[in-house]
Amino acid sequence: MLLLAFFSFLVALVSVLWVRRQFKRHAAHYPANMPQRFHHGSVPRVGGMGVGLGWLVGLWLIPVLPLLGRNVGVPLNWAEALGYTAVAGIVLGVGVYEDVSQRVPVRWRLALSLLAGVLAVALLGAQVPRLGIPSVDAVLAHWPLVGMALAVLAIAGLPHAFNLIDGYNGLAGAVTVLIALALAHVSIQVGDRQLAALSLCLAAATLGFLVWNYPSGLVFAGDGGAYLWGAVVAVISILLVQRHPEVSPWFALLLLLYPVWETVFSSYRRWARGRSAGAADALHLHQLVYRRLVRAILEPDEAAALLARNNRTAPYLVSLATFSIVPAVLFWQSTWVLMAFCLLFVVGYVGLYLMIVRFKTPAWLRR
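Bear in mind that the values here come from a model prediction, so they are computed numbers and not experimental data.

Undergrad: So what's going on with the overall build of the protein? Which residues, and what values?
TA: Check the secondary structure of the protein and you find 15 helices and zero strands. When the accessible surface of the protein is totalled, it reaches about 16,300 Å², and 68% of it is carbon and sulfur.

Undergrad: Before we move on, could you go through the packing of aromatic side chains and cite the residues and values that matter?
TA: Aromatic rings considered in pairs are described by the distance between their centres and by the relative angle of their planes. Per the counting criterion, the structure on display carries seven aromatic pairs. Ring centres of W60 and W78 lie 5.7 Å apart, and the angle between their planes is 45°; this geometry places the pair in the tilted category. Highlighted residues: W60 in helix 2 (residues 47-64) and W78 in helix 3 (residues 78-101), separated in sequence by 18 residues. Judged by relative accessible area, which is 22%, W60 ranks as partly exposed. Judged by relative accessible area, W78 falls into the partly exposed class, the value being 43%. Relative to Y349, the ring of F265 has its centre 5.5 Å away and its plane inclined at 75°; by these criteria the two rings are edge-to-face. Of this pair, F265 sits in helix 11 (residues 257-272) while Y349 sits in helix 15 (residues 335-357); the two residues are 84 residues apart in sequence, bridging distant segments of the chain. Classification of F265 as buried rests on a relative accessible area of 10%. Here a set of aromatic residues connected by ring pairs shows up, and it is made of W261, F265, Y349 and Y353.

Undergrad: Describe the packing of helix 4 (residues 106-124) against helix 6 (residues 144-165), with residues and values.
TA: Two numbers describe how helix 4 lies on helix 6: the axes approach to 8 Å, and their chain directions differ by 135°. The angle between helix 4 and helix 6 falls in the class oblique. With respect to the hand of their crossing, helix 4 and helix 6 are arranged in right-handed fashion. Note on element contacts: helix 6 touches helix 4 through M148, A151, V152, L153, I155, A156 and H160, opposite R109, L110, S113, L114, A116, G117, V118, A120 and V121. Here the residues of the contact of helix 4 with helix 6 are counted per class, giving twelve nonpolar, three polar and one charged.

Undergrad: Before we move on, could you go through the pattern of salt bridges and cite the residues and values that matter?
TA: Under the counting rule described, the total for this entry stands at three salt bridges. In this structure, the salt-bridge partner of R45 is D99, at a minimum N-O distance of 3.7 Å. Separated by 54 residues along the polypeptide, R45 in the loop between helix 1 (2-22) and helix 2 and D99 in helix 3 bring together distant segments of the chain. Taking the relative accessible area as the measure of exposure, R45 reaches 24% and is therefore partly exposed. Judged by its relative accessible area of 1%, D99 falls in the buried class. The shortest N-O distance in the salt bridge between R109 and D223 comes to 3.5 Å. Taken together, the positions of R109 in helix 4 and D223 in helix 9 (residues 222-243) put the pair 114 residues apart, joining distant regions of the chain. The pair R109 / D223 is uniform in exposure class, with both members buried.

Undergrad: How would you sum up helix 1? Please name residues and give values.
TA: The end-to-end C-alpha distance of helix 1, which contains 21 residues, comes to 30 Å, matching closely the 30 Å that a straight helix rising 1.5 Å per residue would cover. Listed as buried for helix 1 are L4, A5, S8, A12, L13, S15, V16, V19 and R20.

Undergrad: Describe in detail a nonpolar patch on the surface, supporting the description with residues and values.
TA: Residues L114, V139, W143, V146, L150 and L153 make up a contiguous nonpolar surface patch of about 530 Å² in total accessible area. Here L150 lies in helix 6.

Undergrad: Lay out the side chain of S266 with the relevant residues and their values.
TA: Here S266 is to be found in helix 11. Residue classification places S266 among the buried residues on the basis of a relative accessible area of 0%. Setting aside anything within four residues of it in sequence, one finds S266 in contact with L164, W261 and H284.

Undergrad: Please give an account of the nonpolar core that cites residues and values.
TA: Among soluble globular proteins, nonpolar side chains are generally buried collectively. The biggest cluster of nonpolar side chains holds 109 residues, and the ones touching the most others in it are L4, W55, Y84, I179, F251, Y258 and L285. At 14 residues, helix 9 tops the list of elements feeding residues into this core. If we skip the residues at most four places from it in the chain, F251 touches A182, L183, V186, L240, A328, V329, W332 and L338.

Undergrad: How would you summarise the side chain of H244 if you had to cite specific residues and measurements?
TA: In this structure, H244 sits in the loop between helix 9 and helix 10 (249-255). Only 2.8 Å separates the side chain of H244 from the side chain of D192, close enough to count as a polar contact. Ignoring any residue separated from it by four or fewer positions in sequence, one finds H244 in contact with R130, V190 and D192.

What counts and what doesn't
- Residues numbered from 1 in each chain as written.
- Predicted model: local features only at pLDDT ≥ 70, side-chain atom pairs only at ≥ 80, totals over all residues.
- Heavy atoms only, no water.
- Helix = DSSP H or I, 4+ residues; strand = E, 2+ residues; numbered from the N terminus.
- Areas by Shrake-Rupley, 256 points an atom, 1.4 Å probe, with all protein chains shown as cover.
- Phe/Tyr/Trp six-rings, centres within 6.5 Å; stacked < 30°, edge-to-face > 60°.
- Buried < 20%, exposed > 50% of the residue type's maximum accessible area, 1.4 Å probe, protein only.
- Axes fitted to C-alpha atoms, helices over the stretch in contact; angles between N-to-C directions.
- Parallel < 35°, antiparallel > 145°, perpendicular 65-115°, else oblique.
- Left-handed = near helix turned anticlockwise from the far one by under 90°.
- Contact = heavy atoms within 4.5 Å.
- Nonpolar A, V, L, I, M, F, W, Y, C, P; charged D, E, K, R; others polar.
- Salt bridge = Lys/Arg side-chain N within 4 Å of Asp/Glu carboxyl O.
- Expected span 1.5 Å × (residues − 1).
- Patch = residues over 30% accessible without salt bridge, like charges linked within 9 Å, V, L, I, M, F, W, Y side chains within 5 Å.
- Core = buried A, V, L, I, M, F, W, Y, C linked by side-chain atoms within 4.5 Å.
- Polar contact = N/O pair within 3.5 Å; in protein donor to acceptor, adjacent residues only side chain to side chain.

Coordinates in, geometry out; function isn't part of it.
Encoded structure:
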C-alpha cells in the first residue's frame, strides 16, 4: 500500500506543477470581484486535475501490478476499479470544466453529482445500511431503496461541502489528508485493505498538491479538487460502514462533521437573512477567522501581506476539524459516544461563530 501511495504522491506532485504552468495565463480570466477571493494576482485553480490523476494512478496500479508480477495484497477487480473511476471521473470532470470555463450552472453541477451517486450505488453497491437508531435501522432493513437514496444524496452533497471549505491555502487539502488517514486507519483495523489503500492514495495525492498550494499558494484545487475529495471520501465512508457492522455510522458523520456542518449552518444562516441558501457570501467561519482573528501582517507589498495572512488562517480551521476527526478515530465503534461528540462539536462551532461575529473572541485566539 505504501508503494501505491508513493506513486500517487509522485504523479500528483508532477502533474499539479504541469497543469499550473499550462493554465497560468488562463487564470487571468478569473473574476477579481468575487466575495470568496482572498488573494492577490492570478492563480490557476486546476490543481484538482493533478490530484485526480495521482489518485487514479494509485487506483489502477492495484489491478495492474499483479499482471507485472508484483502482488500488492489489495483485493480490487477490474469492475470495481471502473466503478470508482466512473464516480470520481464525473465529479472531477464537471469541476474542472467549471474551473476552466466558469460557465457550468449550479443545477448541472448538482445533477452530475447526483449521477455520480447513482453510479456508486449501481456499480459499487453503495448504500447506507443503518444509522445506529433502532427505529430508523428497521426502516432501512425493510426498505433498502431508502438506504440507496441516502447514499446518493451523501455522495452528491459532500463534494459541495468540501468546495465550501476550500477557501484558503492548505485548508481543504489538510482536512482531506486527516480524514483520509483516519479512514485508512479504521479500514486497516477491520481488515479492509481495499478501502485502506484507496484512502492512503487519496492522502498521498493530496499531499502532492499541498507541496505547491501551501504555503506558497502557487495553485488552487478548484471545484475539480473539492468535488473529487468529497466524492471519494463519501464513497469510502459509506462502503466502510456498509461492509463492516462493527463500524458505527456515526463514525463517518463525526469524521466529516466540519464540512457537513459548515454547509448546513451556512444554508440556515442565508435562509435566516432572507437570501438563497446557495448564494455566495463572505461570512463563512474561515472567512471570519481570516478577517477578525488572523492579525494584520506588515509586509512591504500587498501580495506578500495577503499571502502571509492567508497562510495563517488554515491552522485555525484545521485545528477545529481535529476536534471531530480525533474522537471519530478513537471511538469508531461506540455510537452513543460518537453522537455525544457530534453534539459537542456543533455547540462548539456555533458558540465560536457567535463569539467572532459579536467581537467577543478570547484574547488567546487572537494571538
